[in-house]
Amino acid sequence: MLKDLGINGGTLIICLVTGYFVIKWAVKAAIVEAYESITGEKTEDELEVERMMAEDAERRKEAAEAYRARKEAKKNGGLPRT
């Protein structure tokens, strides 16, 4: 039967495994979306992601300020003394 389709056993296994993970991901996303719409609360995973994004934004802001300070010091002819 697989020869009629033009695929071999390895390709079939890869397709089945890929399909499994795609369906698993879709079901999980649907459950999370339903949970949010029913309860109005965010999941722990989403709260963790938001916390990590806030920390990352703060680090980026600090890095940008440090970069501007180095750039200004270089423009003025020397490195800032710490």
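See the structure above.
(A) Region of interest: the overall build of the protein chain. Counting its regular elements, the protein chain contains three helices and zero strands. For the protein chain, the sequential pattern of α-helices and β-strands runs α-α-α. Radius of gyration (C-alpha) of the protein chain: 26 Å, far over the 12 Å computed for a compact globule of 82 residues. The dimensions of the protein chain, computed from C-alpha atoms along their principal axes, are 75 × 40 × 15 Å. A buried classification covers 2% of the 82 residues belonging to the protein chain. Within the structure as shown, the protein chain displays about 7800 Å² of accessible surface, and the carbon and sulfur contribution to it stands at 62%.

(B) Region of interest: a nonpolar patch on the surface. Together, Ile-13, Val-17, Tyr-20 and Phe-21 line one region of the surface with nonpolar side chains, adding up to about 420 Å² of accessible area. Mapped onto the secondary structure, Tyr-20 falls in helix 2 (residues 9–39).

(C) The packing of aromatic side chains, seen in detail. Applying the stated criterion across every chain, the model contains one aromatic pair. Look at Tyr-20 and Phe-21: their rings are 5.0 Å apart centre to centre, the planes differ by 75°, and that puts the pair in the edge-to-face class. Accessibility expressed as a relative area gives 48% for Tyr-20, which makes it partly exposed.

(D) Highlighting the pattern of salt bridges. Within this structure, the stated rule accounts for four salt bridges. With a closest N to O distance of 2.5 Å, Glu-50 and Lys-42 form a salt bridge. Looking at Lys-42, the relative accessible area reads 43%, which means it is partly exposed. Salt bridges here are not isolated pairs; linked through shared partners, they connect Glu-48, Arg-51 and Glu-55.

(E) Region of interest: the environment of Glu-46. Looking at the element boundaries, Glu-46 is found in helix 3 (residues 44–75). When its relative accessible area of 30% is taken as the criterion, Glu-46 is described as partly exposed. When residues no more than four places from it in sequence are discounted, the contact partners of Glu-46 are Val-32 and Glu-36.

(F) Here's a closer look at the side chain of Thr-43. When you line up the elements, Thr-43 lands in the loop between helix 2 and helix 3. Among the residues examined, Thr-43 registers a relative accessible area of 16% and is labelled buried. Aside from chain neighbours lying at most four places away, what touches Thr-43 is Val-32 and Tyr-35.

Definitions and limits used
Residues numbered from 1 in each chain as written. Predicted model: local features only at pLDDT ≥ 70, side-chain atom pairs only at ≥ 80, totals over all residues. Heavy atoms only, no water. Helix = DSSP H or I, 4+ residues; strand = E, 2+ residues; numbered from the N terminus. Rg over C-alpha atoms; globule rule 2.2 N^0.38 Å. Buried < 20%, exposed > 50% of the residue type's maximum accessible area, 1.4 Å probe, protein only. Areas by Shrake-Rupley, 256 points an atom, 1.4 Å probe, with all protein chains shown as cover. Patch = residues over 30% accessible without salt bridge, like charges linked within 9 Å, V, L, I, M, F, W, Y side chains within 5 Å. Salt bridge = Lys/Arg side-chain N within 4 Å of Asp/Glu carboxyl O. Phe/Tyr/Trp six-rings, centres within 6.5 Å; stacked < 30°, edge-to-face > 60°. Contact = heavy atoms within 4.5 Å.

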